[in-house]
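Residue-level structural notes
Letter by letter, the chains look like this.
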There are 4 protein chains.
Amino acid sequence: MQIAIIGLGRMGMNMARRLLRGGHEVAVWNRSPAKTQVMEAEGAAGFTSLQALAASLAPPRTLWFMLPAGEATQQRMDEVLPFLQPGDVVVDGANAYWKDDRPRADRLAAHGIRYVDAGVSGGIWGLENGYCTMLGGEAADIRHLAPVLDTLAPPQGWMHCGPAGAGHFVKMVHNGIEYAMMESYGEGFDLLRNGPFSGLDLQGIAALWNRGSVVRSWLLELLDAALKKDPGLASLKGYVDDSGEGRWTVTDAVDHAVPVPVLAQALFRRFESRQDDLFSNKVLAALRNEFGGHAVKNTDEGDAS
Amino acid sequence: MQIAIIGLGRMGMNMARRLLRGGHEVAVWNRSPAKTQVMEAEGAAGFTSLQALAASLAPPRTLWFMLPAGEATQQRMDEVLPFLQPGDVVVDGANAYWKDDRPRADRLAAHGIRYVDAGVSGGIWGLENGYCTMLGGEAADIRHLAPVLDTLAPPQGWMHCGPAGAGHFVKMVHNGIEYAMMESYGEGFDLLRNGPFSGLDLQGIAALWNRGSVVRSWLLELLDAALKKDPGLASLKGYVDDSGEGRWTVTDAVDHAVPVPVLAQALFRRFESRQDDLFSNKVLAALRNEFGGHAVKNTDEGDAS
Amino acid sequence: MQIAIIGLGRMGMNMARRLLRGGHEVAVWNRSPAKTQVMEAEGAAGFTSLQALAASLAPPRTLWFMLPAGEATQQRMDEVLPFLQPGDVVVDGANAYWKDDRPRADRLAAHGIRYVDAGVSGGIWGLENGYCTMLGGEAADIRHLAPVLDTLAPPQGWMHCGPAGAGHFVKMVHNGIEYAMMESYGEGFDLLRNGPFSGLDLQGIAALWNRGSVVRSWLLELLDAALKKDPGLASLKGYVDDSGEGRWTVTDAVDHAVPVPVLAQALFRRFESRQDDLFSNKVLAALRNEFGGHAVKNTDEGDAS
Amino acid sequence: MQIAIIGLGRMGMNMARRLLRGGHEVAVWNRSPAKTQVMEAEGAAGFTSLQALAASLAPPRTLWFMLPAGEATQQRMDEVLPFLQPGDVVVDGANAYWKDDRPRADRLAAHGIRYVDAGVSGGIWGLENGYCTMLGGEAADIRHLAPVLDTLAPPQGWMHCGPAGAGHFVKMVHNGIEYAMMESYGEGFDLLRNGPFSGLDLQGIAALWNRGSVVRSWLLELLDAALKKDPGLASLKGYVDDSGEGRWTVTDAVDHAVPVPVLAQALFRRFESRQDDLFSNKVLAALRNEFGGHAVKNTDEGDAS
C-alpha cells in the first residue's frame, strides 16, 4: 500500500527500506535532503516539502512519523495538518510519552484525522529481522495499517495493545525492562571480571550461556558479538545515555504505587555513569571528615566511629 | 563411555536419560530406590549401594554427583571414597559454592582422585534442549569427560571455565543474573497490569515481545507459556524461594567491592516475598505513630510532619 | 498579630494553640464545627463560614491554610477569595506539590493577593517543641509573617528558602530524607532482631545509641519510646502509608537525573508493605515453575537450573 | 582503675586521654613510639614492649586493644599472651567481625584469660562527648570493666549486649545504619542542589532542619558544620571508603534472609564512588552500540530500539 515515512533517522530509514523491499509504495521526507536522496535511489518518492508529500498521496493517506519524540514530531504534524483531510491516518512511531497520545488523538479527531501510536522495537536489526510493533488506537485504523505492519514486523510481530497511548505505554515498559536486563548482565559480567577468578573468558561465557542456559537472550547474543570485537571493552567508556522511556517507567510506577526497585536502579546507574563526582558522595566524604577525622581520599581503617 | 550418576532428582534423572539416549553406559544410585528402578527400566544399571556402584565401573571411573549441594553431596563422596582408586574422576554437578571446590579438590588429590566442578543449567528442559555446562578443574580431566559433555550439552554448550571452582563460580553468577532478569520482567509486567491501562493482554504482550523486540529471551518464552495457562497468574502465590547462588553472588560482589544493586535487589525481593510482615515495616509504623500520631493501618493524609 | 488558621487537623489545631499561647489573635475555621468549638474554648475566634472569617480580620489579612493538600485546599481558597482584598496574604501550610505554587501565586497576584508556601515539620510534637518551617515566596510577605513564624517555630526554626514553591520543595526533600532514615533504622533493627544473636534488647540498643553514637537522632529517640511501650512491636502491623512528598521526591529526582537509590527504595518498601501478594512475585513463581518444575510454595533445593 | 590501652590511633589515643582525665591509671603501647611519648607527657605510663607493659600491671590485668581490626590485633594479642595469667581481661575495641570473637574467646579461655568484645562509637568527638560502647562477653567480666566504661562513655552510654561477639555485632549494625543515614542525607542534598531551585542555601537548610524537624540528628549537625566551612563542598572529592562493618552488615543480612535494600545500596554507592568507569557500564554502552548503533558517548535521542 501507499505510505509516507516522515523522518529518516536510524529507525525511519530502515523502516522505509523494509517497506520498499516488501513492495509498498513509499514516500519519504527528512529535514536534511541527503537521506531523502539516498532513499530515492532505493525507490522511494522523496520530498523536501510536507505539503508536496501530502499532495502526492491518495486519500485516505497514511503518514508514519519517525522523528525525535515530542516537540520535533508535534511541529511537523502541525505543519502537515492543513494538507490532510478526514479519514487520513497519522502514526507516531517515536518513543513518545503515552500521556500525550490521548490529547493529540482528540485534537486530530476534531479534524477527522485518525491517530495511531506505535512503539517500534528492533534497533538497527529491524531491517533484517523485522520490527516488533506495539499499537494504540482504534481497531479500524489499525486494520487499515495491517498491510504495512505485516511487512514491518516479523510474523505475528505486531499487536493492537489498546486505546490511544497503549502502544507507547507498552513500548515504554518494554524499554524499562530492557534497561534492567542490560544492567543485570552488566553487573554479572562485572563480577565475572572483577571477582575471585582472574582472566575468565567473558566472550566465551556469553557465547556458552546462549546455548541452553536459563539466561539466554538476544541481548546476550549482542554481548557475545561485542565481546568478540573487543574482549575487555577497553575501547568503550561506560557512559550511558537514557531516554524518556526509562524515566517514565519509574515515574508511572511511582504514580501507581507499583514497587520497581530493579527498574529504578537500572535507571539510576545510567545517571551515575554520566557524572564524575556525585554531590551526594561529597556529602558523605564531608561527614566522614567531620565525625571521624577521616582525611579526604585516604585509605584508612574505615569508619571506626 | 561409562559414567555413574549419583542422585536422581529433577536434574540428575533427566541427565541420566539424556546420557542413555546418547548411547552411554550409565550406572545410577539414588537414596530412595524407586527412582533407581525407573532408570533401570530405561536402561541404566541401578544400585542401592555406593560400594556396589563403584565396583561395577571399570577404572578410571567417572562419578557425577547430582545431590543437593553441600552436606548431602559431601557425605556420599566420603562414603564412596574408600572404593575409588587413583585416576578416578569425581564431578560435582550441584549448585555448590565455589569456595568449597579447591579444598575438596585438594583432599581428593591426596588420594589420587581427580575432581571437576560442574555448573549445570537447563532445568527440566535440559532433557530435550541439552544442559549448558560450566566446568572447573584440570584440562586433562575435562577432556576425559568430553564424550559425556558432548551428549549432555547442546552443540558447543559446555566450556572449561578455569581451575577448581571456576565452573561453580560461573554458574553462580549465571543464577545471579537469572534472578535479576526474572525480577526485571516481574516488575515490568506488574506495571503493565497495575498501571494506567487496565485489561492489557499480558500473554499477548509476552508473545509479541519475543518476535523481534530487544527484550526477547528464553525466560520470556516461558512467561508466555505460563500466561497462556493462567492469564492472571491467579493460581500462583507470589512466594519465591532462593538458593545459595543468588546469595553467594551478592556476598562475593560485596567481598570484591563490585556494586551490584540490581542483583541484590532481586535477591531481597525474594526474601520479602516469603515474609508476611517485615519487622522493618513495623519499625516504620511505630515511628509514624510516634511523630505524627498516625493511627496504625489507617489511610490518612500522610506524613504531614 | 492577627491570623486565621483554616483547617484544624492534627497539625492545624496545635498550630492554632501554639499561636494562642504566644499571644496572637487567632481566628479559626474547620469543616466540622466540633474542633472549632474546642478552639473557641481555648481562646480562638471560631467561624463556620469563610466569609464571616474573612470579614472578622483587619486588612491586610493573614490566612494560613492547613487543609489536606491539593483539591481540598484549592476549593477553600477559591471560596474565600471573593472576600479578600489586595495586600492580603494567603499561606498554604499543607504538604502540597511545589509545582502548583507558582501558578497559584500568579493567579492570586492577579487579584493583588500575596501567596506564601510553607512546609511545616514537627508532627504532634510541634505544639511543645515548635514547628520547623520552610517558606517560599516574596521576602516582604515573609517578613510580614515573621511574628507568627517566631511563635510557631523554635528559635531560628524558620527560613525563607526561595521563590514561590521553594518552601514546599525543601519540605518535600525533607520528607524524602525522612523516609530513607526511617528505612535505615527499620532495616538495621530487623537485622538486630532476626540476625545471629537472638534476644537482643532492641529498646536498650535504641536508648544506648542515642548516648554518644554516630546514629543518634530524634527519630531514634522516638523509636526508643515506641520500643519501651511495645518491645517487640507485636501490636503493630507493618503497613506503611506514603504521602505525596516521598513520591514527588523520586519523580523530581528522575526529572533532574539525580540518582536517588536509597530514597527510591524507601518509597518502594512502603508500597510493598501494603500489598499481600505482588504480581511481580507471581511472575517469578510462574517462571520458576516453568523452567525448573519448582512446585509452588514448596521448599526445594532451589533454582538448580 | 588500672588499664592498658594498646594502640594509639585516632580512637585509642583519645580514649586514653579520657581515661586519664577520669583519674584512671593508664598504661599505653603503640607501634611507633612518638604517640606513646605524647601520652606519657599527658600522664600515661608508656611502653615500647608489650612484655614490659604486661609486667607493669597488677593482676588481674585489663588490656584494651585499639588496633586495626583483624590481623594487626591478633598479632599483638598473641605476642602479649605469654605474659598474661588467668583472670586477666582482654578487650578488643576495634571494628572486628563478630564471627571472630567466639573462637578467640574460646582460645583465650583455654589459658584462663577473659575476653570482652567492645564496639566503640563516637569518632573524634568521643573525647569530649564520651564513647557509646557496646559490649559482648560474660557479665562478670563486663562488671569488672564498669569503672573504665563509666568514664569512657557518656552517662548510661555503655551496655552489655550479649555473649561473645554481641558487642561487635551491635556496632556492626550501627555502622550499617550509619552508612544508610549518611546516604539519605547525601541524596537529599544532591536533589536540593541539582533540582529545580538553583542556589538554595544548603547550609541554612541543614541548620534549619536541626531545629525541630523530623530529620534532625547529630549527623545533620555535622553536615551543617561542614557546609559552614565549605558551602559547595568544592574542596572535597566524592571518594568514600568503606570498612568491614558496612560489608558484614549486608552479608549477614543475606545469610539470615533479612532484606536490606537501603543498607546495601548505601554500601554499593561507596564502591561506585571509588571507580572511574564501571565495567558494568561498559557492558551497557557496548549493548547500546550493538542494538541501536548508538555511538559511544554521544547524546542521541536514546534507546529508540
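Only a predicted model underlies this, so the values are computations on that prediction, with no experimental measurement involved.

**Describing the packing of aromatic side chains**
For the structure on display, the rule yields 32 aromatic pairs over all chains. With centroids separated by 5.7 Å and ring planes inclined at 70°, the aromatic side chains of Tyr97 of chain A and Trp98 of chain A adopt a geometry described as edge-to-face. Relative accessible area serves as the criterion here: at 14%, Tyr97 of chain A is assigned to the buried category. For Trp98 of chain A, a relative accessible area of 12% gives the class buried. Arranged with centres 6.1 Å apart and planes meeting at 50°, the rings of Phe268 of chain C and Phe271 of chain C form a pair that is tilted. In this pair, Phe268 of chain C and Phe271 of chain C are both assigned in helix α12 (residues 261–273), three residues apart and thus about one turn of the helix distant. Phe271 of chain C sits in the buried class, given a relative accessible area of 1%. A connected cluster of aromatic rings, assembled from ring pairs, spans Tyr97, Trp98, Phe169 and Trp248 of chain A together with Phe197 of chain B.

**A short note on the packing of helix α11 (residues 244–255) of chain C against α12 of chain C**
Residues and elements named next belong to chain C. One way to put it is that α11 packs onto α12 with a least axis distance of 10 Å and a crossing angle of 135°. When the interaxial angle is binned, α11 and α12 end up oblique. As α11 runs across α12, the sense of the crossing is left-handed. Every residue of α12 that contacts α11 at Gly246, Arg247, Thr249 and Val250 is listed here: Leu263, Ala264, Leu267 and Phe271. Along the lines of polarity and charge, the residues of the contact of α11 with α12 split into five nonpolar, two polar and one charged.

**A closer look at the domain arrangement of chain A**
Residues and elements named next belong to chain A. Its domain assignment divides chain A into domain 1 (2–163) and domain 2 (171–273). Summarising the inter-unit geometry, the C-alpha centres of domain 1 and domain 2 are found 30 Å apart. Contacts between the two partners involve twelve residues from domain 1, matched on the other side by eleven residues from domain 2. In total, domain 1 and domain 2 occlude about 860 Å² of area from one another, counting both sides; carbon and sulfur atoms represent 59% of this.

**Observations concerning unusual backbone geometry**
In the segment running from Pro59 of chain A into Pro60 of chain A, the intervening peptide bond is cis, with an omega of -5°. For Leu233 of chain B, which is not glycine, the phi dihedral falls at a positive 50°. For Leu233 of chain B, the location among the structural elements is in the loop between α10 (218–229) and α11 (244–255). Looking at Leu233 of chain B, the relative accessible area reads 0%, which means it is buried. Of note in this structure, Gln156 of chain C is not a glycine but carries a positive phi near 55°.

**Some details on the interface of chain A and chain B**
Counting from both sides, the interface comprises 69 residues of chain A and, opposite them, 69 residues of chain B. In total, about 5,800 Å² of surface goes out of reach between chain A and chain B, with carbon and sulfur atoms giving 76% of it. Counting the surface chain A buries against chain B, the share from its top three residues, Leu191, Phe197 and Val214 of chain A, is 12%. For the interface between chain A and chain B, the tally reads zero salt bridges. Across the chain A-chain B interface, the total number found is 16 residue pairs in polar contact (both at pLDDT 80 or more). Those elements that place two or more of their residues in the side of chain A that touches chain B are β7 (132–136), β8 (158–162), α8 (166–194), α9 (202–209), α10 (218–229), α11 (244–255) and α12 (261–273) of chain A. Looking at the side of chain A that touches chain B element by element, the count peaks at 20 residues for α8 of chain A. Residue composition of the side of chain A that touches chain B, by class: 40 nonpolar, 20 polar and nine charged.

**Some remarks on the relation of the copies chain B and chain C**
Overlaying chain B with chain C gives an RMSD of 0.0 Å, the required rotation being 180° about an axis along which the chain moves by 0.0 Å. These values place the two chain copies in the arrangement generated by a two-fold rotation axis. Taking C-alpha positions as the reference, the residue of chain B nearest the rotation axis is Asp276 of chain B, at 3.9 Å. Counting the interface residues of chain B, we find that 99% of their copies in chain C are interface residues as well, pointing to one common contact surface.

**Examining the sheet that holds strand β8 (residues 158–162) of chain B**
All names here are of chain B. With mixed pairing, the eight strands of this open sheet are ordered in space as β3-β2-β1-β4-β5-β6-β7-β8. Edge strands, defined here as strands with exactly one partner in the open sheet, are β3 (45–47) and β8. Averaged over all adjacent pairs, the angle separating strand axes in this sheet is 25°, with direction ignored. Relative to strand β5 (residues 89–92), strand β4 (residues 62–65) runs parallel, the two sharing four bridges. Opposite Thr62, over in β5, you have Val89 as the bridge partner. Against the sheet, helix α2 (residues 33–41) contacts β2 (25–29) and β3, and its axis sits at roughly 165° relative to β3.

Cut-offs used in this document
- Residues numbered from 1 in each chain as written.
- Chains lettered and ligands numbered in written order.
- Predicted model: local features only at pLDDT ≥ 70, side-chain atom pairs only at ≥ 80, totals over all residues.
- Heavy atoms only, no water.
- Phe/Tyr/Trp six-rings, centres within 6.5 Å; stacked < 30°, edge-to-face > 60°.
- Buried < 20%, exposed > 50% of the residue type's maximum accessible area, 1.4 Å probe, protein only.
- Helix = DSSP H or I, 4+ residues; strand = E, 2+ residues; numbered from the N terminus.
- Axes fitted to C-alpha atoms, helices over the stretch in contact; angles between N-to-C directions.
- Parallel < 35°, antiparallel > 145°, perpendicular 65-115°, else oblique.
- Left-handed = near helix turned anticlockwise from the far one by under 90°.
- Contact = heavy atoms within 4.5 Å.
- Nonpolar A, V, L, I, M, F, W, Y, C, P; charged D, E, K, R; others polar.
- Domains from an automatic or database assignment.
- Buried area = accessible area lost by both parts, 1.4 Å probe.
- Salt bridge = Lys/Arg side-chain N within 4 Å of Asp/Glu carboxyl O.
- Polar contact = N/O pair within 3.5 Å; in protein donor to acceptor, adjacent residues only side chain to side chain.
- Least-squares fit on C-alpha atoms with pLDDT ≥ 70 in both.
- Pairing = 2+ DSSP bridges.

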